[in-house]
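# Examining the three-dimensional arrangement
The lines below spell out each chain.
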Amino acid sequence: PFSSIIVNSTPETLSVISAEYVGGLSLKMIFSDGAVSIVDFEPFLTSSPHPQHGRYLQPELFKTFSIESGNVVWGKGWDMIFPVKDLYSGNIQYRE
């Protein structure tokens, strides 16, 4: 589940300016337009067949995210990254 407060914005210009671990496999993110979203990554992580994603089901590894280039990323080589517009909308489904 996610919640989002959307303020006037153009998705192409959005960036993540802060992210905070809020429990489970969820992050609260604040975007460059002031919008706030809480996104649960568990459904994505449990449906993705990629081993580099599955390891982030462990909360201790999940918490190792950082913000780089206006996006939330995991791993030194960006093992896991999502389009900012998907984070903004909370739509982070696994797609083949």
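Predicted, not measured: the structure shown is a model, and the values here were computed from it. Sequence order as written defines the numbering, with residues in each chain counted from 1. Totals for whole chains, interfaces and linings use every residue, but because this is a predicted model, local features are given only for residues with pLDDT of at least 70 and side-chain atom pairs only at 80 or more, for both listing and counting. Side-chain measures were taken over the full set of non-hydrogen atoms in the model, leaving aside hydrogen atoms and water.

### Regarding the overall build of the protein
Rules: Helix and strand assignments follow DSSP, with helices taken as H or I runs no shorter than four residues and strands as E runs no shorter than two, numbered in order from the N terminus. Accessibility here uses a 1.4 Å probe with only protein chains present; expressed as a share of the type maximum, an area under 20% marks a residue as buried, one over 50% as exposed, and anything in between as partly exposed. Each accessible area is a Shrake-Rupley estimate made with a 1.4 Å probe; only the visible protein chains count as cover when residues are assessed.
When its secondary structure is counted, the protein shows 4 helices and 7 strands. Taking all 96 residues of the protein together, the buried fraction comes to 34%. Just so you have it, the protein exposes about 5400 Å², and 55% of that area is on carbon and sulfur atoms.

### Observations concerning the packing of aromatic side chains
The test is simple: Under the pairing criterion, centres of Phe, Tyr and Trp rings, with the six-membered ring standing for Trp, must be within 6.5 Å; the plane angle then separates stacked pairs below 30 degrees from edge-to-face pairs above 60, leaving the rest tilted.
Here the structure, examined in full by the defined rule, presents 10 aromatic pairs. Ring centres of Phe-31 and Tyr-88 lie 5.0 Å apart, and the angle between their planes is 75 degrees; this geometry places the pair in the edge-to-face category. Linking Phe-31 in strand β3 (residues 26-31) with Tyr-88 in helix α4 (residues 84-89), this pair joins segments that are 57 residues apart in sequence. On the basis of relative accessibility, which here comes to 0%, the residue Phe-31 falls in the buried class. Ring-pair connections join several aromatic residues into one group, and the members of that group are Tyr-21, Phe-41, Phe-44, Tyr-56, Phe-62, Phe-65, Trp-74 and Phe-82.

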